[in-house]
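# Inside the fold
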Amino acid sequence: MATALKQDDNGNNQPENAENVVVRFAGDSGDGMQLTGGQFTLSTALAGSDLATFPDFPAEIRAPQGTLFGVSAFQINFGSRAIETAGDEPDVLIAMNPAALKTNVDALRDGGLIIADSGEFGKRNLDKAKYENNPLEDGSLAKWQLLKLDISALTLEAVKPFGLGNKEALRSKNMWTLGLALWMFERERQPIIDWLKTKFAKLPAVADANIAALNAGHAYGETAELSGDGLGGGHLTTRKVGAAPSAPGEYRTVTGAEALSLGLVAGAQLADVPMFFGGYPITPASAILHHLSRLKEFDVTTFQAEDEIAAIAAAIGASYAGKLGITSSSGPGIALKGEAMGLAIMTELPLVIINSQRGGPSTGLPTKTEQSDLYQAVYGRNGDAPMPVIAARSPSDAFECAIEAVRIAVQYMTPVMLLTDGYIANAAEPWKIPDVASLEPFPVTYLDKMPEGGLKPYSRDEKFARPWIKPGTPELMHRIGGIEKGIDTGHIDYGSANHQKMTEIRRDKVLGVADSIPDQDVALGNAGGKLAVVGWGSTYGPIHQAVRRAVEAGKDVAHIHIRNIWPMPKNLGELLKSYDRVIVPEMNTGQLKTVLRDQYLVDAKPINKVSGQPFTIAEIDAAIEENLS
Amino acid sequence: MNEMTKITTLKDWETDQEVRWCPGCGDYAILKAVQRTMPELGVRPEDTLFISGIGCSSRFPYYMETYGFHTIHGRAPAVATGAKLANPDLDVWIITGDGDALSIGGNHTMHLLRRNLDCQIMLFNNEIYGLTKGQYSPTSRVGTNTPSTPYGSVDRPASPCAFALGSGARFIARGIDIHKDLTNVLKAAHAHKGAAFIEIFQNCIVYNKDVFDEFAAKKTAASTQLLLADGEPMLFEKGARGIAMDRETLSLKVVDVVDGDWQAANVIVHDVTNRSVAHMLIEMPFGEFPMAIGVLYDDPRPTFEAAVVEQNVEAAKGKKPDLQALLNKGQTWTVTEDGPEL
């Protein structure tokens, strides 16, 4: 891990080519920290560094100002090498008020740098953050480097010419801070200026004030010879984090919610079927509805339903009518959709259900991440109701997973559950933009004339998929429903032998999806050996990084990351049995572990964390260490 | 009627499925009325979609030789919304009951009506849960004795038509299962562009037998039913009585009509576009007043699916569906063999 600052023999801080740096922006939820982080991310990506981000914000939209629970933070880890997590410990903490300092400073690495807006450290704010004394003055931050700047006053000064009110002027504080951060890491300001001009196109005074603040923050870094406590008499200088080696191609940054939306559009195009998306607002899934609602030229119809049930029911209706129905939610909403999922399974209609998981149960932790809906996805319906389940491991992986979910849905005439989580949905990373021409199309066919031997709506192809028949097609009128179907005919049939057979067909159809998915690969390390660390979803980053370190240290460890949660890849059982030990780190109390034990009788050991925060690399390191001894 | 549309007969709308309602159930009469009406609408079976929820009435789609979807309890309006948005050319009929539409599915019914999805909603009201063997429903009258209310129900019933009007429905009608006029109500509902809500009083002969007899019985119908027709005076009892406005209390009243001179008695002429009068007709307390039957309200507004389609087309205008361009949107950078290029 790079040091935040490095001093030369004279005690001056040297520009350093750091391998990677972790910066956390923290402020009041009204301070615009997510925006600041997002724009800093963009400038970092444009400079070619690899990066991962972790937005961490409260469930309250505008919590009372200055309070501890109203703190919103954005962490970015960027480097000149491959970055897989948002970083265990920040090197730099930018704290916009006492509450932000209090809730975040303990995460800062010893010797790390605090930049604090001293203008916000008055008695009132100190009281709200439950500080008895001003921590900027009482020496309690001695183990870190401290830079105190009256950012509020400096911002007011910078935006004075634009005649904004005090309150409005102070809104530019985040841009001032961003300007300083851009200077610190030698990043370009122009992309941010362009963005501000577009964002405030209708409010030119606001755009100008923000640009002025941004420039002022940057200029301040350049000229002020910043010095502070623990800086050893030296002053803050810039540090450059170089570009990370990456495959040639065109890149952009992407969040999981964006990548997933784009993947759904791509999937529908590859299937050559118009998309119908039914959604209901819920954190952290709403972003997908927002993205898709702007893409009407791609034959996308979005429908904000009256509730979660209506959202999936409408998607099922659209699928019946010949479009690809998609619905999206988070755990509590997915629970509400459960009965309708059963209907889609029974009527064998294509449907994609996306679950952006959050902490649970019930309302749980709406804005925090967890991966505790695996049981719900695999088992959580009445009756024997099998459904393919796939899980995205990163924002860019969400693109491919979305296409895969669409493919399985239309080829097997089945609902498919796609799992992502709050972390993936909100986190950004650089993304090598796929070449559309390289994506394999899988166009759907509808049954559009009377087959020889008459119409059998529940006849099956080699995948056990039934025909997709659009209402409006002459002669092929038929009735479907949630009541058990007679084999082939689809007529109501309560017969016991029929139910036995139909249950088996539905099971075998879904298990057959395994024939169309790739074998499980080993992400890192050898196939077979002492220890396999098996993960799924957003734990990819910390597991991969920790296993890489272990492998580099000569340890016999492998990383296996499962995308196809149900059905699992055909070789997975054999692969797991080729290791002496299997550990499964999950942000739940051991759900994948249970499925692995059940399916393969392997002694998978759980490594669990349910704090609403992603695993740190150090936590996985420790688990590897313990299981190798 | 489209010239290309082939003529159908009642037989074209019947399936080969055995009808499984209890003998004597009002549902049989409604099914026949619908099958009799379809050929007169100039529509084709393949363009017709019947969608139902759960309950006795919801078996209906299996008996219609059209496309059909027997969904889950209460959700038919939501499934119908998706189907109609996906293919606005479909002629969508929703078959539901008092429990399905007003209890478990009340939310969806409300939103379908306020959005004004173009479809016909036939609510078979029998004031009881039939399929689950006779529990009281949201339209059961206070004091209804059922297995779940052995001492009588205590909660007040919902009024389906008042609910529909309050939800923003632009077409509201009432019919009776065995009434020969039901086909006219169905035709009017079909002619209405938008959500057409029809409450049909349906006799559950097993669990709530003859509960509507006080106004539905043929013998007394003349004095207990107000058969509405647009542009016609609101007369009943063979023209001997009528409905007039009490100008002091701004409410309806029953007046006697002498020698057929309804104008002298100030009997109101039914105007189906008058929402206020529709509300009063719906709320007329039965007993003191007759039961208003027929089209109570019919005043079309633009439909939901038309607005969605129009906005989709408008928003897509001039934009090419270029997937590669979409993926490349925003600020991008290029990495070459030598590293990133800015």
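Refer to the structure above for everything that follows.
It is worth spelling out the overall build of chain B at this point. For chain B, the count of helices and strands is eleven helices and 15 strands. Once the C-alpha set of chain B is aligned to its principal axes, its extents read approximately 100 × 50 × 45 Å. In chain B, which comprises 342 residues, the share counted as buried stands at 48%. Pairs at least 24 apart in sequence give 65% of the contacts found in chain B among residues at least 6 apart.

Our focus in this paragraph is the overall build of chain A. When you go through chain A residue by residue, the secondary structure sums to 20 helices and 24 strands. In terms of overall dimensions, chain A is globule-like: its C-alpha atoms have a radius of gyration of 27 Å, near the 25 Å expected for 629 residues. Reported as C-alpha extents along the three principal axes, the dimensions of chain A are approximately 90 × 60 × 45 Å. Looking at chain A as a whole, 55% of its 629 residues are labelled buried. Across chain A, every contact between residues at least 6 apart in sequence was considered, and the portion connecting residues at least 24 apart equals 75%.

Here we take up the interface of chain B and chain A. The partner chain A presents 59 residues to the 53 residues of chain B that form the contact. Within the residue set of the side of chain B that touches chain A, elements represented by two or more residues are strand S2 (67–70), helix H2 (76–86), helix H4 (106–115), helix H10 (304–316), helix H11 (323–327), strand S14 (332–336) and strand S15 (339–341) of chain B. Element by element, the count of residues in the side of chain B that touches chain A is highest for H2(B), at eight residues. Tallied by class, residues from the side of chain B that touches chain A come to 25 nonpolar, 20 polar and eight charged. Note: strand S19 (residues 479–481) of chain A against S2(B), three bridges, orientation parallel.

On the basis of which strands lie adjacent, the open sheet formed by nine strands has the order S19(A)-S2(B)-S1(B)-S3(B)-S4(B)-S8(B)-S7(B)-S13(B)-S9(B) and mixed pairing. At either margin of the open sheet sits one strand with a lone partner, and together these are S19 of chain A together with strand S9 (225–227) of chain B. Taken over all neighbouring pairs, the strand axes of this sheet differ in orientation by 20° on average, direction set aside. Where H2(B) meets the sheet, its contacts fall on strand S1 (48–52), S2, strand S3 (91–97) and strand S4 (119–125) of chain B, and the angle it forms with S3(B) comes to roughly 175°.

What follows concerns the pairing of strand S15 (residues 351–357) of chain A. Residue and element names in this part refer to chain A. Burial analysis of S15 places seven of its seven residues in the buried class, the great majority of the element. Taking every second residue as pointing to the same face, both faces of S15 are buried, with Leu 351, Ile 353, Asn 355 and Gln 357 on one and Val 352, Ile 354 and Ser 356 on the other. With five bridges joining them, strand S14 (residues 324–329) and S15 adopt parallel strand pairing. From the neighbouring strand, Ser 329 faces S15, where its bridge partner is Asn 355. As for the winding sense of the linkage, the β-α-β connection from S14 through helix H12 (residues 331–347) to S15 is right-handed. Judged from the seven bridges that link them, S15 and strand S17 (residues 415–421) form a sheet pairing that is parallel. Bridge pairing links Leu 351 to Pro 415 in S17.

With that settled, the discussion passes to the nonpolar core. As a rule of thumb, soluble globular proteins bury nonpolar side chains together. A:Ile316, A:Val406, A:Leu418, B:Ala83, B:Ile172 and B:Leu296 are the most contacted members of the largest nonpolar core, which has 276 residues in total. In terms of residue count, helix H14 (residues 395–412) of chain A provides more of this core than any other element does, eleven residues in total. Residues in contact with A:Ile316, not counting those within four places in the same chain, are A:Gly325, A:Ala340, A:Leu343, A:Ala344, A:Leu349, A:Leu351, B:Val79 and B:Gly82. The next biggest cluster of nonpolar side chains, apart from the first, holds eight residues, and it includes B:Cys56, B:Ile128, B:Tyr129 and B:Tyr207.

We now examine the packing of helix H7 (residues 190–199) of chain A against helix H8 (residues 204–223) of chain A. Residue and element names in this part refer to chain A. For the pair H7 and H8, the least separation of the axes is 9 Å and the interaxial angle reads 160°. As far as their axial angle goes, H8 and H7 are roughly antiparallel. The two elements H7 and H8 meet at a crossing, and its hand is right-handed. Only Ala 207, Asn 210, Ile 211 and Leu 214 of H8 make contact with H7, whose side of the interface consists of Ile 192, Ile 193, Leu 196 and Lys 197.

All names here are of chain A. Cis peptide bonds are those with omega within 30 degrees of zero, and the linkage from Thr 283 to Pro 284 qualifies with 0°. Along the polypeptide, Pro 284 turns up in the loop between strand S12 (275–279) and helix H10 (286–292). Cis rather than trans, the peptide bond between Trp 566 and Pro 567 has omega equal to -15°. When you line up the elements, Pro 567 lands in the loop between strand S22 (564–566) and helix H18 (572–577). The phi dihedral of Met 413 falls on the positive side, at around 45°, and the residue is not glycine. With respect to the helices and strands, Met 413 occurs in the loop between H14 and S17. Unusually for a residue other than glycine, Phe 464 sits at a positive phi of about 70°. With respect to the secondary-structure elements, Phe 464 resides in the loop between strand S18 (428–432) and S19. The class of Phe 464 is partly exposed, set by 19 C-beta atoms lying within 10 Å.

Moving on, we get to the sheet that holds strand S12 (residues 251–256) of chain B. Residue and element names in this part refer to chain B. An order of S10-S11-S12 is seen for the three strands of this open sheet, with the pairing classed as antiparallel. Of all the strands in the sheet, the pair left with one neighbour each is strand S10 (235–236) and S12. Note that strand S11 (residues 241–246) and S12 share six bridges and pair antiparallel. Note that in S12 the partner of Arg 241 across the bridge is Asp 256.

This part is about helix H1 (residues 26–41) of chain B. An α-helical turn contains 3.6 residues, so any two residues separated by three or four positions project in the same direction. Residues and elements named next belong to chain B. Look at H1: 23 Å from first C-alpha to last across 16 residues, which is about the 22 Å you get at 1.5 Å a residue. Of the surrounding elements, those touching the buried residues of H1 are S4, helix H6 (182–191) and strand S8 (195–201). Just beyond H1, the residue with positive phi is Gly 42, at close to 70°.

So, how was this worked out
Numbering of residues starts from 1 in each chain and follows the order in which that chain's sequence is written. Working convention: letters from A go to chains and numbers from 1 go to ligands, in the order in which they are written. Per-residue local features of the predicted model are confined to residues with pLDDT of at least 70, and side-chain atom pairs are confined, for both listing and counting, to 80 or more; whole-chain, interface and lining totals are unaffected and use all residues. Think of it this way: any DSSP run of H or I at least four residues long counts as a helix, any run of E at least two long counts as a strand, and we number them from the N terminus. Burial is judged by counting other C-beta atoms within 10 Å of a residue's own C-beta: 20 or more means buried, 12 or fewer means exposed, and anything between counts as partly exposed, with every C-beta placed from the backbone. We call two residues in contact whenever the C-beta atoms placed from their backbones are within 7 Å. For this measure, only C-alpha atoms enter the radius of gyration; the expected value for a globule follows 2.2 Å times N^0.38, where N is the number of residues. Just so you know the grouping, Ala, Val, Leu, Ile, Met, Phe, Trp, Tyr, Cys and Pro go in nonpolar, Asp, Glu, Lys and Arg go in charged, and all remaining residues, Gly too, go in polar. Note on pairing: two strands pair once DSSP finds at least 2 bridges between them. Orientation is described by lines fitted to C-alpha atoms, with helices fitted over the stretch in contact, and by angles between N-to-C directions that extend from 0 to 180 degrees. Looking down the strands as they point away from you, a crossover is right-handed if its path from the first strand over the helix to the second goes clockwise. In these notes, a nonpolar core means any group of buried Ala, Val, Leu, Ile, Met, Phe, Trp, Tyr and Cys residues linked to one another through C-beta atoms within 7 Å. The cut-offs work like this: below 35 degrees is roughly parallel, past 145 is roughly antiparallel, 65 to 115 is roughly perpendicular, and the gaps in between are oblique. Crossing handedness is read from the near helix: turned anticlockwise from the far helix by less than a right angle, it gives a left-handed crossing, and turned clockwise, a right-handed one. One less than the number of residues in a helix, times 1.5 Å, gives the span that helix is expected to have.

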